[in-house]
Amino acid sequence: MDDNNAASACVSSLAGYLRANPLACDTAEGIRRWWFGTEHEVAMNELQDALEWMKRCGAIEEIVAADGRRRYRRLGDDAQLAALSQAHRSHQARED
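The rules behind each value
- Residues numbered from 1 in each chain as written.
- Predicted model: local features only at pLDDT ≥ 70, side-chain atom pairs only at ≥ 80, totals over all residues.
- Heavy atoms only, no water.
- Helix = DSSP H or I, 4+ residues; strand = E, 2+ residues; numbered from the N terminus.
- Buried < 20%, exposed > 50% of the residue type's maximum accessible area, 1.4 Å probe, protein only.
- Contact = heavy atoms within 4.5 Å.
- Areas by Shrake-Rupley, 256 points an atom, 1.4 Å probe, with all protein chains shown as cover.
- Salt bridge = Lys/Arg side-chain N within 4 Å of Asp/Glu carboxyl O.
- Expected span 1.5 Å × (residues − 1).
- Axes fitted to C-alpha atoms, helices over the stretch in contact; angles between N-to-C directions.
- Parallel < 35°, antiparallel > 145°, perpendicular 65-115°, else oblique.
- Left-handed = near helix turned anticlockwise from the far one by under 90°.
- Nonpolar A, V, L, I, M, F, W, Y, C, P; charged D, E, K, R; others polar.

1. Let's talk about the overall build of the chain
Along its length, the chain carries 4 helices and 3 strands. When the helices and strands of the chain are placed in sequence order, the string is α-β-α-α-β-β-α. Sorting the 96 residues of the chain into buried and exposed places 35% on the buried side. Taking the contacts inside the chain whose residues are at least 6 apart along the sequence as the reference set, 51% of them involve residues at least 24 apart. When the accessible surface of the chain is totalled, it reaches about 5,700 Å², and 47% of it is carbon and sulfur.

Structure (structure tokens):
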């Protein structure tokens, strides 16, 4: 799987998880471990790229907790999250 497909798959998985779990909030490591689980391994750099892209799109927000750790949670509605996978693929195709 090339990097673009991996990143698109990561965005799609995150968007699906957030649609199913609208109150979810976790650190990048927690997301990698608990939201993806063992059946879908994701590299931390791919996850960080996906989180940053989703943040720029306004679908998620990053909050800094009192302990200094950064956590991510949903901002966008179901329609915005559903459209993210296609939007990310289009964005990646333009960059290539």
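Back to the write-up after that little detour.
2. Observations concerning the pattern of salt bridges
Close approach of charged atoms allows side chains of opposite charge to pair. Using the criterion set out here, one finds 8 salt bridges in the structure. The shortest N-O distance in the salt bridge between Glu-62 and Arg-70 comes to 3.2 Å. The salt bridge involving Arg-74 is made with Asp-78; its shortest N-O contact spans 2.8 Å. Asp-78 sits in the partly exposed class, given a relative accessible area of 40%. In the salt-bridge network here, residues are joined through shared partners; they are Glu-52, Lys-55, Glu-62 and Arg-70.

3. What to know about helix 3 (residues 44-56)
Compared with the 18 Å implied by 1.5 Å per residue over 13 residues, the 18 Å span of helix 3 between its first and last C-alpha is a close match. Following helix 3 by one or two positions, Gly-58 has its phi on the positive side, about 80°.

4. Quick notes on the packing of helix 2 (residues 28-35) against helix 3
Two numbers describe how helix 2 lies on helix 3: the axes approach to 10 Å, and their chain directions differ by 110°. Comparing the axis directions of helix 2 and helix 3 gives the class roughly perpendicular. Helix 2 and helix 3 meet at a crossing whose hand is right-handed. Where helix 2 abuts helix 3, its residues Ala-28, Glu-29, Ile-31 and Arg-32 lie against Met-44, Leu-47, Gln-48 and Leu-51. Partitioning the contact of helix 2 with helix 3 into residue classes produces 5 nonpolar, 1 polar and 2 charged.

5. Digging into the environment of Ala-20
The residue Ala-20 is located in helix 1 (residues 3-20) in this model. Considering only alpha carbons, one finds Ala-20 and Asp-78, 58 residues apart in sequence, at a separation of 9.2 Å.

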